[in-house]
Amino acid sequence: MKMGEVDIEATTEPLLKVEDLAVDFHVSGTVQRALQGVSLNLKRGRTLGLVGESGCGKSVTSLSIMRLLPQPPGHYAGGRILLEGRDLLSLPEREMRALRGGRIGMIFQEPMTSLNPVYTCGEQIVESLLVHSGLSSKAAMDRAVELLDLVGLPSPRERAHDYPHQLSGGQRQRVMIALALANDPDLLIADEPTTALDVTIQAQILDLMTDLRERTGAAVLLVTHDLGVVAQTCDDVVVMYAGGVVERAPTNALFADPQHPYTIGLMAAVPRIDATVDRLSTIAGSVPPPWVTLVGCRFASRCPLADDRCRSAVPPLRENGPDHAVACWHAPIEEATI
Amino acid sequence: MMTLVLNRLIISVPVLFGVLLLGFGLLILVPGDPAIVMAGPMATPEVVAAIRTEMGLDEPVLTQFFRYLGRMAEGDLGRSLISNKTVISELGAAIGPTTELMVACLIWSIPLGIALGTLAAVWRGSITDRAIMAFSVAGVSLPIFFICLMLIHFVGVQWRLLPFIGRGGPLWTMDGLRHIALPALSLGLIFIGPVARMTRSSVLEVLRLDHVRTARAKGLSEPRVILRHGLRNALIPVVTLVGLQAGYLLGGAVVTESIFSYPGIGRLAVGAILSSDFPLAQGAILILALAFILINLIVDVLYALLDPRVQTP
Ligand SMILES: Nc1ncnc2c1ncn2[C@@H]1O[C@H](COP(=O)(O)OP(=O)(O)OP(=O)(O)O)[C@@H](O)[C@H]1O
Ligand code: SF4
Ligand SMILES: [Mg+2]
């Protein structure tokens, strides 16, 4: 990307803007807050990485954007999700349906089970095409084959007639990507698209996604718990911890100058920037369980720098550099102090 | 698909042999002497002995069995001891009405059971769900003869809406339809319950699967998600259940036909057994066993049609 383009994009409104999103789960009579104050911005043509330990709310965030949280038990408790300024949370279900699979495509973590075993891969893509476009069934099938070709499946016309169980995990994930891209979405949400795949296939799928983003100009929200993946593929990063955003920055800035103690812990746990090993869980202590009501900083129980203010007041997400926001009373912190 | 059918047919052969063995055993083991039945209560011992020799009843069991198999192979099931008509012709006259009864029962009860089960699943926990489940449990736990008698008592006798004795003619005539309505209703009522309950639990299970979330993520409408990605997949275990219930259905048909004096295989079997008409009883039981095998064959084929993961062996 040339410098001039970056400047133009920096001034344009983001495609997706999540503001202060809060999500509750009503579980057996109690209310558990799964997300609190989640905010992020995603511009066209960019890839935003959403990282954090297992259970920190990455999937809840991405499903919320599709408004696909099961309700009940899920409940949107506050905030807004703006797609080009329109709040998805207040959209009528009909209009939301038109966006799902239309302007927003989604890829899930589990390629082995995300396709319906009783329909062929082609039929499943065709179904999405027919719902969103005025194509005839014949034209839709041709387009489905084209899409399967686009995602790099060999002999796509034959594959279109295969049932999911006849394909490998990597091939099924390619079919899922084709499905998500079927109606030229502006936004592609990929919730850990490679976690279930083995390493070589992971790399291929990530390359494919990068390639497709460049070709289609879609914005990509890439959920992962792998900092190596973030370093390779993302322009910007949002770091989540226990249902909240703790740090937000362009990828380079985050890796060069991580400012939140949690992020620093993550970085320290990753020996090389391109390592693809999940080390997020090597920070001492564990995530507070969701039924605990947090008073101060959500990281206080594991933070070596926690003091009385940290334990009594929630640190706001503050800009601490160009596009670099941190939720920590003591930020910016020198890495050496931890 | 043809390989599957052939395979199932081959597997059916030992089952068929077992059924034949059972039919033969029935003749040997059951108390009561066919020769005495045939000769009538007034016959002298000499007449009975003569009949016994004629029927080959005093020969070794093994010889009798092979002779019996030989006759079966020729399609000769013997003659009824009571009417003296061939068993084949008696069965031939009864098989049509029983088939009609089965069709008339299944054609409404299976779709209705599936529809009710799906509604219960979609509105789980609601009043509708509870009402449907209560209805199903009642259908399963009430004995079939009780349902028949209640229907006869109210619909037939008190309100005089429908006839409840015999058969009015072929299914496509008005009289045929009116006569078959109550038996088909009774038999169907016991069938709805299991189908509805199985459909409900199967749909609930499928709706939790990942591929349903994918269907929603495609922007499909909720009815479409439920029917095409929920129910369609949920039908696979339901079909299996229907197959397993085939015996239950045939047993129900025996009771229903007897109560409504409906001239089918079931009533024929009961009448033959009560009057110790061994060849006819044997024939009727053979036909019922064949029907059981046939229903299971159809179920296997349907199963393979519904689930592309089923490999033809
Ligand atoms: N259906 C649900 N009912 C109740 N709680 C839920 C439900 N779905 C998610 N949660 C809660 O929300 C929190 C965030 O879960 P989420 O699935 O978003 O984590 P994640 O970051 O995607 O983790 P992973 O890396 O394991 O996928 C968890 O603590 C979980 O308990
Ligand atoms: S606010 Fe305090 S407890 Fe929280 S991360 Fe910063 S230093 Fe640690
Ligand atoms: Mg997840």
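Residues numbered from 1 in each chain as written. Chains lettered and ligands numbered in written order. Predicted model: local features only at pLDDT ≥ 70, side-chain atom pairs only at ≥ 80, totals over all residues. Heavy atoms only, no water.

**What about the overall build of chain A?**
This is how the line gets drawn: In this text, helices come from DSSP runs of H or I with a minimum length of four residues, and strands from runs of E with a minimum of two, each type numbered from the N-terminal end. Only heavy atoms enter the contact rule, under which two residues are in contact if any of them lie within 4.5 Å. To measure how exposed things are, a 1.4 Å probe is used in the Shrake-Rupley method; for residues, cover is taken only from the protein chains shown.
Helices and strands together make up the secondary structure of chain A, namely twelve helices and twelve strands. Excluding contacts between residues fewer than 6 apart, the proportion of contacts in chain A whose partners are at least 24 apart in sequence is 64%. Accessible surface, chain A: about 14,400 Å² in total, of which carbon and sulfur atoms supply 52%.

**A look at unusual backbone geometry**
All names here are of chain A. Convention followed: Residue exposure (1.4 Å probe, protein chains only): buried if accessible area is under 20% of the type maximum, exposed if over 50%, otherwise partly exposed.
Omega for the peptide link from Gln-71 to Pro-72 comes to -10 degrees, which places this bond in the cis form. Counting through the fold element by element, Pro-72 comes out in the loop between α2 (58-66) and β4 (74-83). The linkage connecting Pro-72 with the following residue, Pro-73, adopts the cis geometry, with an omega of 10 degrees. Residue placement: Pro-73 occurs in the loop between α2 and β4. Of note in the backbone geometry, Asp-20 takes a positive phi value of approximately 50 degrees without being a glycine. With respect to the helices and strands, the residue Asp-20 is situated in strand β1 (residues 16-27). On the accessibility criterion, Asp-20 (53% relative accessible area) is exposed. Even without glycine at this site, Glu-84 takes up a positive phi of about 50 degrees.

**Quick look at the nonpolar core**
Note the threshold: Buried residues of nine kinds, namely Ala, Val, Leu, Ile, Met, Phe, Trp, Tyr and Cys, make up a nonpolar core once their side-chain atoms join them within 4.5 Å.
By size, the foremost hydrophobic cluster in this structure holds 95 residues, and its most contacted members are Leu-16, Ile-65, Leu-88, Ile-125, Ile-177, Leu-187 and Met-209 of chain A. Of the residues forming this core, the biggest block, seven residues, is contributed by helix α7 (residues 169-181) of chain A. Excluding residues that lie within four positions of it along the chain, Leu-16 of chain A makes contacts with Leu-40, Asn-41, Leu-42, Ile-65, Ile-81, Leu-82, Leu-83 and Leu-187 of chain A. Counting residues in hydrophobic clusters, the runner-up holds 60 residues, among them Ala-104, Ile-147, Ile-190 and Leu-207 of chain B.

**Looking at α7 of chain A**
An α-helical turn contains 3.6 residues, so any two residues separated by three or four positions project in the same direction. Our working rule: Take the number of residues in a helix, subtract one, and multiply by 1.5 Å to get its expected span.
For α7 of chain A, which comprises 13 residues, the first-to-last C-alpha distance of 18 Å matches the rise-based estimate of 18 Å (1.5 Å per residue) to within 8%. With twelve of 13 residues buried, α7 of chain A is to be regarded as a mostly interior element. Within α7 of chain A, the full set of buried residues consists of Gly-169, Gly-170, Arg-172, Gln-173, Arg-174, Val-175, Met-176, Ile-177, Ala-178, Leu-179, Ala-180 and Leu-181 of chain A. On its buried face, α7 of chain A sits against β6 (104-107), α4 (121-132), α5 (137-150), β7 (187-191) and α8 (199-216) of chain A together with α9 (210-217) of chain B.

**Focus: the packing of helix α11 (residues 246-259) of chain B against helix α13 (residues 278-306) of chain B**
Residue and element names in this part refer to chain B. Short version of the rule: Axis definition: a line fitted to C-alpha atoms, limited for helices to the stretch in contact. Angles are taken between N-to-C directions and run from 0 to 180 degrees. Here a crossing is taken to be left-handed if its near helix is turned anticlockwise relative to the far helix by less than a right angle, and right-handed if that turn runs clockwise. Amino acid classes used here: Ala, Val, Leu, Ile, Met, Phe, Trp, Tyr, Cys and Pro are nonpolar; Asp, Glu, Lys and Arg are charged; the rest, including Gly, are polar.
Where α11 meets α13, the closest approach of the two axes is 10 Å, and the angle between their N-to-C directions is 145 degrees. For the crossing formed where α11 meets α13, the hand is right-handed. From α11, Ala-246, Gly-247, Leu-250 and Val-254 reach across to α13, where they touch Leu-288, Ala-291, Phe-292 and Ile-295. Broken down by class, the residue content of the contact of α11 with α13 amounts to seven nonpolar, one polar and no charged.

**Some words on the confidence of the model for chain A**
All names here are of chain A. Inclusion rule: The quantity known as pLDDT measures the predictor's confidence residue by residue, on a range of 0 to 100.
Per-residue confidence for chain A gives a mean pLDDT of 84; residues scoring 70 or more make up 89%. A low-confidence stretch, residues 1-10 stays under pLDDT 50, and its non-local contacts, those more than four residues away or across chains, total six contacts. Here residues 272-281 is a poorly scored stretch, pLDDT under 50, and it has 21 contacts once near neighbours within four places are set aside; other chains count.

**Quick word on the site of ligand 1**
Residue and element names in this part refer to chain A. To keep it simple, the criterion reads: It suffices for a single heavy atom of a residue to lie within 4 Å of a molecule or strand for the residue to be listed as near it.
Residues in contact with ligand 1 amount to 13 residues; listed here are only the nearest, Ser-54, Gly-55, Lys-58, Ser-59 and Val-60. About the coverage of ligand 1: the protein hides 68% of its 640 Å² of free accessible area. Broken down by element, the shell around ligand 1 gets its largest block of residues, three residues, from α2. Residue classes in the shell around ligand 1 are distributed as six nonpolar, four polar and three charged.

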